[in-house]
Amino acid sequence: MCGIFGYVGKENNSSIGIEALKRLEYRGYDSCGIAVFNAVKKNIGVEKVAGRISELEKKIAVKGIKGSAMIGHSRWATHGGPTVKNAHPHWDCHKDIHLVHNGIIENYKQIKDRLSKKGHKFISETDTEVLCHLIEEYATGSNGSKSYTLEEAVRRALGHVRGTYGIAVISKSDPNKIVAARMSSPLLIGVNDGEYVIASDPAAVITHTNKVIYLEDGDIAVLTKSGFRIADLNRAAQKRVEQELDWDVEEAQKGGYPHFMLKEIFEQPESLQNSIRGRLIQDEGMARLGGLEPVKERIKSIERVNILGCGTAYHAGLIGEYMFEEYAGVPCEVDFSAEFRYRKPIIDKNTAAIFVSQSGETADTLGALREAKEKGALCLGIVNTVGSSIVRMTDAGVYNHAGPEIGVASTKAFTSQLVVLALLTLYLGRLRGMSYVLGERIAKEIAKLPELTKTVLKQDNHIKEIAEKYKGAKSFLFIGRKYNYPIALEGALKLKEISYIHAEGLSAGELKHGHIALIDKNVPTIAIATRDSVYEKMLSNIQEIKARGGPVIAITTKGNTKLADIVDDIIYVPKNLEMLSPILTVIPLQLFAYHVAALNGRDVDKPRNLAKSVTVE
Ligand code: G6P
């Protein structure tokens, strides 16, 4: 999510850090900062801004911060709003240890409480800051141990941490080096003559060197200007292979993928894991949603739910409606944000209005939020962008933690919205009488999702072949029922958005009420027909299309080989709870839309006439 960078070497200029951060800015940029060790003055100069790197650059130039060992960070907020205080680097009580972090420390609250009691002073709301103070404990020996080197203090501190991290640390009292460590957040070392860099992303390294070493989970690296060494958490030396990158900066930002959209589709196992992390209490069959704690009592007394969103977020809401009514037993309605205000919605203080938005800035959704607030509803957000307008205006909410989404067509934000809605269903359901057994089952199935999405992504080549076969079609239909009806809408939207090919998504049951007139050999239908409570009905609809000569591409559950005899092309997804199946069935549709658009030479990441965040009504 965030970008981190560190440099140690022959140069004595903080512009190296600024240039690297600019190349990381594409990952998200609500705030940024840099800490630079100056060997002559023996101090660490720090500057942070809640804004763009260019503002940071100006401030650094005015202050003349210079040095030959530095760490920098471009932040895309997760814990704590995008303010200067929350921007990285963070430091310990003595302003000695400075640290940048990419990832999430799940148990930071417990650590923070414990260290606060011992007298540590925290100034930010971030999870990251606890790492500085934990390292301080070992570096100064203030926890009763002896004083350790920076490397050893980092190692010992990390022993207390649960979560993910890519970190880079510098210290005044153990100077001229960077200590870096990785656990489930990418980190690589760039190797050059007399200089070494550490970064979360090849884009930050590529203009210095094309020789890189990817760190692995559990690695701790120490970089000085004369070399580096890597050891694991148990102090055993590690050798990692040096690789040569032949990417330019833009390619590096896309992680080697031709488009951000494809990169983001492939990030879904990780983004789903981030949305779920720390939120399932499996043995209680419950979800832990910290953001809703302040309004828990009000949530218990709500009588109905309204979900509001635009585009893809609206489709997520439609699936949320099925989930809430089937499993949480709460009446639910979904509206396009843009329509909500015009239909005099009947809402009051016993209504929870849930605003789903990737950006948190969509003008139509903000308009609906104002309306619901005015009417006294409990306003909750499911938002990906921390600190955005919707977050600030709602009473409480749940973050997606999907990471920045750059491709205009929403992919990983959508699946993260679905998983958050599933967590919310579990939470609401258990507060309203859902049995422990059912809760436990749902929790178990949610936990499986990141792994299951990997098996869907493995079919990319097969989906590309299907896209090749149908790329010339002028019009497509997408059909589904129940949980997968909104997926038919989403599949059609994805295809329209980026390939400019006409597509219609509909409930398969509606087909016979008009749309079937469109069917002929030139109009392919994509049918989402997983083995679930509506499968037999879907099968009849597929037969109706085949009887009229229409080609059918089916998405069905693994093992359902019989369907292959009826349809023209087939894509399998693994079995999961019906309510969660949309998270798996949408991925082939994202890939199909992507390949059709790319094969037709479309500008996939920036489709014509569209904007990532629509801030006008
Ligand atoms: C725009 C984007 C869509 C997105 C919609 C809602 O139209 O092009 O991809 O689904 O806005 O955006 P939000 O940020 O509120 O989720």
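Residues numbered from 1 in each chain as written. Predicted model: local features only at pLDDT ≥ 70, side-chain atom pairs only at ≥ 80, totals over all residues. Heavy atoms only, no water.

## Looking at the nonpolar core
Residues Phe 324, Ile 446 and Phe 592 are the most contacted members of the largest nonpolar core, which totals 93 residues. If near-sequence neighbours (up to four positions away) are discounted, Phe 324 is found in contact with Val 305, Ile 307, Gly 329, Val 330, Cys 332, Ile 354, Leu 421, Leu 424, Thr 425 and Leu 428. Judged by nonpolar contacts, the second largest core, of 28 residues, contains Ile 34, Ala 204, Val 205 and Ile 206. (Core = buried A, V, L, I, M, F, W, Y, C linked by side-chain atoms within 4.5 Å. Buried < 20%, exposed > 50% of the residue type's maximum accessible area, 1.4 Å probe, protein only. Contact = heavy atoms within 4.5 Å.)

## Section: the site of the ligand
Taken together, 13 residues lie near the ligand, and Ser 357, Gln 358, Ser 359, Thr 362 and Ala 611 sit nearest. Here Val 408 contributes a backbone N or O atom positioned 3.4 Å from an oxygen atom of the ligand. When the free accessible area of the ligand is taken as 390 Å², the share hidden by the protein chains comes to 89%. The dominant element in the shell around the ligand, judged by the number of residues it contributes, is helix 10 (residues 311–328), at 3 residues. Taken together, the residues of the shell around the ligand break down into 5 nonpolar, 6 polar and 2 charged. (Near = heavy atom within 4 Å. Polar contact = N/O pair within 3.5 Å; in protein donor to acceptor, adjacent residues only side chain to side chain. Areas by Shrake-Rupley, 256 points an atom, 1.4 Å probe, with all protein chains shown as cover. Helix = DSSP H or I, 4+ residues; strand = E, 2+ residues; numbered from the N terminus. Nonpolar A, V, L, I, M, F, W, Y, C, P; charged D, E, K, R; others polar.)

## Side note on the sheet that holds strand 18 (residues 332–336)
Judged by pairing direction, the sheet is parallel, and its 5 strands sit side by side in the order 18-17-19-20-21 without closing on themselves. The two strands at the open ends of the sheet, each matched to only one other strand, are strand 18 and strand 21 (396–399). Averaged over neighbouring strand pairs, the angle between their axes works out to 20° when direction is ignored. Sheet analysis places strand 17 (residues 304–309) next to strand 19 (residues 351–357), joined by 5 bridges and oriented parallel. Its bridge partner being in strand 19, Arg 304 is matched across the sheet by Thr 351. The sheet strands contacting helix 10 are strand 17, strand 18 and strand 19, and the helix crosses strand 18 at an angle near 170°. (Pairing = 2+ DSSP bridges. Axes fitted to C-alpha atoms, helices over the stretch in contact; angles between N-to-C directions.)

## A word on the environment of Ser 124
Looking at the element boundaries, Ser 124 is found in the loop between helix 3 (108–117) and helix 4 (129–140). The sequence separation of Ser 124 and His 79 amounts to 45 residues, and the corresponding C-alpha distance is 9.7 Å. Excluding residues that lie within four positions of it along the chain, Ser 124 makes contacts with Lys 85, Asn 86, His 90, Lys 112 and Glu 129.

## Thoughts on the domain arrangement of the protein
Bring the parts together and some accessible area is lost; that lost area is often taken as the interface size. Per the domain assignment, the segments making up the protein are domain 1 (3–256), domain 2 (263–452) and domain 3 (459–599). When each unit is reduced to the centre of its C-alpha atoms, the spacing between domain 2 and domain 3 is 26 Å. Of the roughly 2,400 Å² buried between domain 2 and domain 3 on both sides combined, carbon and sulfur atoms contribute 75%. Three residues stand out in domain 2 for area buried against domain 3, namely His 315, Tyr 322 and Leu 452, and they jointly supply 22% of the buried area on that side. Across the contact surface, domain 2 and domain 3 share 1 salt bridge. (Domains from an automatic or database assignment. Buried area = accessible area lost by both parts, 1.4 Å probe. Salt bridge = Lys/Arg side-chain N within 4 Å of Asp/Glu carboxyl O.)

## Things to note about the pairing of strand 26 (residues 569–573)
Within strand 26, 4 of the 5 residues are buried, which leaves the element mostly enclosed by the surrounding structure. Alignment of strand 25 (residues 552–557) against strand 26, held across 5 bridges, turns out to be parallel. Each residue of the ladder has a partner; that of Ala 554, found in strand 26, is Ile 570.

## Side note on the pattern of salt bridges
Scanning all chains against the criterion turns up 30 salt bridges. Residues Glu 106 and Arg 162 are paired through a salt bridge, measuring 3.6 Å at the closest nitrogen-oxygen approach. With Glu 106 in the loop between strand 6 (97–102) and helix 3 and Arg 162 in the loop between helix 5 (150–158) and strand 7 (165–171), the pair connects residues that are 56 residues apart, well separated along the chain. A network of salt bridges, in which partner residues are shared, links Glu 151, Glu 152, Arg 155, Arg 156, Arg 229 and Arg 235.

## Overview of the environment of Ala 368
Positionally, Ala 368 belongs in helix 12 (residues 363–374). The exposure class of Ala 368 is buried, given its relative accessible area of 0%. For the pair Ala 368 and Ile 406, spaced 38 residues apart in sequence, the C-alpha to C-alpha distance is 25 Å. Discounting residues that sit within four places of it in the chain, Ala 368 has contacts with Leu 308, Ser 337, Phe 340, Arg 341 and Phe 355.

## Concerning the packing of aromatic side chains
Taken as a whole and judged by the stated rule, the model has 6 aromatic pairs. Aromatic pair Phe 476 and Phe 592: ring centres 5.7 Å apart, planes at 75°, arrangement edge-to-face. Placement of Phe 476 in strand 22 (residues 475–480) and of Phe 592 in helix 19 (residues 581–599) is noted, with a sequence separation of 116 residues between them. Classification of Phe 476 as buried rests on a relative accessible area of 0%. Looking at Phe 592, the relative accessible area reads 3%, which means it is buried. Above the ring of Trp 91, the side-chain terminus of Lys 95 is found at 4.2 Å from the ring centroid. Above the face of the Tyr 500 ring, Arg 608 is positioned so that its terminal group lies 3.9 Å from the ring centre. (Phe/Tyr/Trp six-rings, centres within 6.5 Å; stacked < 30°, edge-to-face > 60°. Lys NZ or Arg CZ within 6 Å of the ring centre and 35° of its normal.)

## Details of the packing of helix 4 against helix 5
Think of two packed helices as two axes; the pair is described by the angle between the axes and how far apart they sit. It is at 8 Å that the axes of helix 4 and helix 5 come closest, and there the two elements cross at 120°. With respect to each other, helix 4 and helix 5 are oriented oblique. Crossing of helix 4 over helix 5 shows right-handed handedness. For the pair helix 4 and helix 5, contact is made by Leu 131, Leu 134, Ile 135, Tyr 138 and Ala 139 and by Leu 150, Ala 153, Val 154, Arg 156, Ala 157 and Leu 158, respectively. (Parallel < 35°, antiparallel > 145°, perpendicular 65-115°, else oblique. Left-handed = near helix turned anticlockwise from the far one by under 90°.)

## Structural notes on a positive patch on the surface
The grouping of Arg 441, Lys 444, Arg 531, Lys 562 and Lys 575 at the surface amounts to a positive patch. By secondary structure assignment, the location of Lys 562 is in the loop between strand 25 and strand 26. Lys 562 sits in the exposed class, given a relative accessible area of 68%. (Patch = residues over 30% accessible without salt bridge, like charges linked within 9 Å, V, L, I, M, F, W, Y side chains within 5 Å. Lys, Arg positive; Asp, Glu negative; His and termini not counted. Charge placed at Lys NZ, Arg CZ, Asp CG, Glu CD.)

## A few points about the packing of helix 15 (residues 436–457) against helix 19
At a minimum axis distance of 10 Å, the contact between helix 15 and helix 19 shows a crossing angle of 30°. The two elements helix 15 and helix 19 meet at a crossing, and its hand is right-handed. On helix 19, the residues that touch Leu 449, Leu 452, Thr 453, Val 456 and Leu 457 of helix 15 are Ile 583, Leu 584, Ile 587, Pro 588 and Leu 591.

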